[in-house]
Amino acid sequence: VEESVKEASDSLLRSLYAKELDMNQLVGKLRDYSQAQEGDRRFWIYLQTVNNLVDETRNFKHFPQQELDITADFLALMVCRGLLPPAALRHILDFVLTGLRSPQ
């Protein structure tokens, strides 16, 4: 993945956590990006953002509560809008189910 794609994805997520970008705006932007042609840079930013979130699930237990709440709301909105690819959706739902089975 190109470094500029990683940087763009990181920037979008930082904007969400800094409340510089409204959650609905970000989800709308990612929806638009997800519909771009597969070779389009915007499509790769969308995929990188989804992958970043999936990769971060292993660190959720270390997130401050405010960031965890933002992440939960953001992921719920992405699920409701059908914006997670099947593999990412399975991973996120498995993570949620595991958490429900053994809350800490």
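Throughout, a residue's number is its position along its own chain's written sequence, starting from 1. Per-residue local features are limited, in this predicted model, to residues with pLDDT of at least 70; the limit for side-chain atom pairs, both in listing and counting, is 80 or more; totals at the level of whole chains, interfaces and linings are taken over all residues. Each side-chain value is worked out from all heavy atoms of the structure, with water and hydrogens disregarded.

**Q** What exactly am I supposed to notice about helix 3 (residues 41-56) here?
**A** Three or four residues apart is the spacing at which side chains of an α-helix point the same way, because the helix has 3.6 residues per turn. Every helix listed is a DSSP run of H or I at least four residues long, and every strand listed is a run of E at least two residues long, numbered separately from the N terminus. Residue count minus one, scaled by 1.5 Å, sets the expected span of a helix. Spanning 16 residues, helix 3 covers 22 Å between terminal C-alpha atoms, matching the ideal 22 Å at 1.5 Å per step. All of the buried residues along helix 3 are F43, I45, Y46, Q48, T49, V50, N52, L53 and V54. Only heavy atoms enter the contact rule, under which two residues are in contact if any of them lie within 4.5 Å. Looking at the packing, one finds that the buried side of helix 3 touches helix 1 (3-17), helix 2 (23-34), helix 4 (65-80) and helix 5 (86-101). Counted as a polar contact is a pair of N or O atoms within 3.5 Å, where, for protein atoms, one must be capable of donating a hydrogen and the other of accepting one, and residues adjacent in sequence contribute only when both atoms are in side chains. Where helix 3 begins, the side chain of D40 points an oxygen toward the backbone nitrogen of R42, at a separation of 2.8 Å. The rule is simple: take the accessible area with a 1.4 Å probe, protein chains only, and divide by the maximum for that residue type; under 20% is buried, over 50% is exposed, in between is partly exposed.

**Q** Before we go on, may I ask you to explain the pattern of salt bridges in this structure?
**A** Charged atoms that come close allow side chains of opposite charge to pair. We define a salt bridge as a contact between a side-chain nitrogen of Lys or Arg and a carboxyl oxygen of Asp or Glu at a distance within 4 Å. Scanning all chains against the criterion turns up two salt bridges. Residue D32 pairs with R31 through a salt bridge whose shortest N-O separation is 3.8 Å. Residue D32 is classed as partly exposed on the basis of its relative accessible area of 41%. Put simply, R42 and D40 hold a salt bridge, and the shortest N to O gap is 2.9 Å. Exposure remark for R42: the relative accessible area of 38% places this residue in the partly exposed category.

**Q** It is not clear to me how unusual backbone geometry should be interpreted in this structure. Could you clarify?
**A** Residues apart from glycine generally show negative phi values, whereas peptide bonds are mostly found in trans. The phi torsion at K19 lies on the positive side, around 60°, for a residue other than glycine. Residue classification places K19 among the exposed residues on the basis of a relative accessible area of 60%.

**Q** Please explain the packing of helix 2 against helix 3 as it appears in this structure.
**A** The geometry of a pair of packed helices is captured by two quantities: the angle between their axes and the separation between those axes. The contact between helix 2 and helix 3 brings their axes to 7 Å, and the two run at 125°. By the criterion of interaxial angle, the relationship of helix 2 to helix 3 is oblique. The two elements helix 2 and helix 3 cross, and the hand of that crossing is left-handed. Contacts between helix 2 and helix 3 pair L30, Y33 and S34 from the former with R42, F43, I45, Y46 and T49 from the latter. Here the contact of helix 2 with helix 3 is composed, by residue class, of five nonpolar, two polar and one charged. Note on method: axes are straight lines fitted to C-alpha atoms, helices fitted across the in-contact stretch only, with angles between N-to-C directions ranging 0 to 180 degrees. By the definition adopted for this analysis, an angle is roughly parallel if under 35 degrees, roughly antiparallel if over 145, roughly perpendicular if from 65 to 115, and oblique otherwise. Crossings are sorted by hand: turned counterclockwise from the far helix by less than a right angle, the near helix makes the crossing left-handed, and turned clockwise it makes it right-handed. Three classes are used, and their members are as follows: Ala, Val, Leu, Ile, Met, Phe, Trp, Tyr, Cys and Pro are nonpolar, Asp, Glu, Lys and Arg are charged, and the others, Gly among them, are polar.

**Q** Please clarify how the layout of surface pockets should be interpreted in this entry.
**A** Taking a probe equal in size to a water molecule and rolling it over the atoms shows the remaining empty space. Cavity and pocket criteria rest on a 1 Å grid covering protein atoms alone: a 1.4 Å probe that fits but cannot get out defines a cavity, protein on both sides within 12 Å along at least 5 of 7 lines defines an open pocket, and an atom within 4 Å of a point defines a lining residue. Grid points are joined across faces, edges and corners, and a volume is the space filled by probe spheres set on the points. Put simply, the largest pocket is a space of about 610 Å³. Along the walls of the largest pocket sit 20 residues, with F60, K61, L68, F95 and G99 positioned nearest its centre. Put simply, the parts of the chain that give the lining of the largest pocket at least two residues each are helix 4 and helix 5. Residues that form the lining of the largest pocket fall into these classes: 12 nonpolar, six polar and two charged. One number sums up the size of the second largest pocket: a volume of about 190 Å³. As for the second largest pocket, its lining consists of D10, L13, Y17, N52, L53, D55, E56, R58, F60, F63, E67 and T71. Sorting the residues of the lining of the second largest pocket by element identifies helix 1, helix 3 and helix 4 as the ones contributing at least two each. It is helix 3 that provides the largest number of residues to the lining of the second largest pocket, a total of four residues. Along the lines of polarity and charge, the residues of the lining of the second largest pocket split into five nonpolar, two polar and five charged.

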